[in-house]
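The primary structure of each chain is shown beneath.
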Amino acid sequence: ALCHAWARLGFLHEDLCIAISSRVATTAHLCSAQELCWLLDAYASARCSVQSAIDALTRQTLVRLDEFTLSQLCLHASSFARLSAPHPLLFTNIADRLR
């Protein structure tokens, strides 16, 4: 619930992104596809890349990829681009889904 509320927060600050990153990393497996989108978008919007959180969100994205809508996949790809965090396997899988 905390990660859900944080990701939906309109005001995002780098300090907050960093402070909550351990919680994001340890609870990412509980997130829905929509929540994974919100979380990654929150980091991307703040231009804050915390590797442990991004890695956990990426792992869960790969696990839940079939649950993402096409617009969510596009937002996710945009978030990775804004973070300058390419993930070739994930991008290949997203491209396959978008075909």
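Below is a short write-up of the structure. Every residue gets a number counted from 1 within its own chain, in the order that chain's sequence is written. Totals for whole chains, interfaces and linings use all residues, but because this is a predicted model, local features are given only for residues with pLDDT of at least 70 and pairs of side-chain atoms are given and counted only at 80 or more. Processing note: side-chain calculations cover all non-hydrogen atoms of the structure and skip hydrogens and water entirely.

**A closer look at the overall build of the protein chain**
Here comes step 1: Secondary structure counts use DSSP, requiring at least four H or I residues in a row for a helix and at least two E residues in a row for a strand, with both numbered from the N terminus. Scanning the protein chain for helices and strands turns up six helices and zero strands.
Here comes step 2: Taken from the N to the C terminus, the helices and strands of the protein chain come in the order α-α-α-α-α-α.
Here comes step 3: Note on contacts: a residue pair qualifies if any of its non-hydrogen atoms lie within 4.5 Å across the two residues. Counting only contacts in the protein chain whose residues sit at least 6 apart along the sequence, the fraction spanning at least 24 positions is 72%.
Here comes step 4: For the protein chain, the accessible surface area stands at approximately 5300 Å², while carbon and sulfur atoms represent 57% of it. To measure how exposed things are, a 1.4 Å probe is used in the Shrake-Rupley method; for residues, cover is taken only from the protein chains shown.

**Focus on the pattern of salt bridges**
Here comes step 1: A pairing counts as a salt bridge when a side-chain nitrogen of Lys or Arg comes within 4 Å of a carboxyl oxygen of Asp or Glu. Under the counting rule described, the total for this entry stands at three salt bridges.
Here comes step 2: A salt bridge links Arg82 to Asp41, with the nearest nitrogen and oxygen atoms 2.7 Å apart. You can see Arg82 sitting in helix H5 (residues 70-82) and its partner Asp41 sitting in helix H3 (residues 33-45), a full 41 residues away along the chain.
Here comes step 3: Accessible area is worked out with a 1.4 Å probe on protein chains only. A residue is then buried under 20% of its type maximum, exposed over 50%, and partly exposed in between. Residue classification places Arg82 among the partly exposed positions, given a relative accessible area of 24%.
Here comes step 4: Residue Asp41 is classed as partly exposed on the basis of its relative accessible area of 22%.

**Structural notes on the environment of Leu65**
Here comes step 1: Positionally, Leu65 belongs in the loop between helix H4 (51-64) and H5.
Here comes step 2: By relative accessible area, which is 7% here, Leu65 ends up buried.
Here comes step 3: Excluding residues that lie within four positions of it along the chain, Leu65 makes contacts with Leu73, Leu90, Asn93, Ile94 and Arg97.

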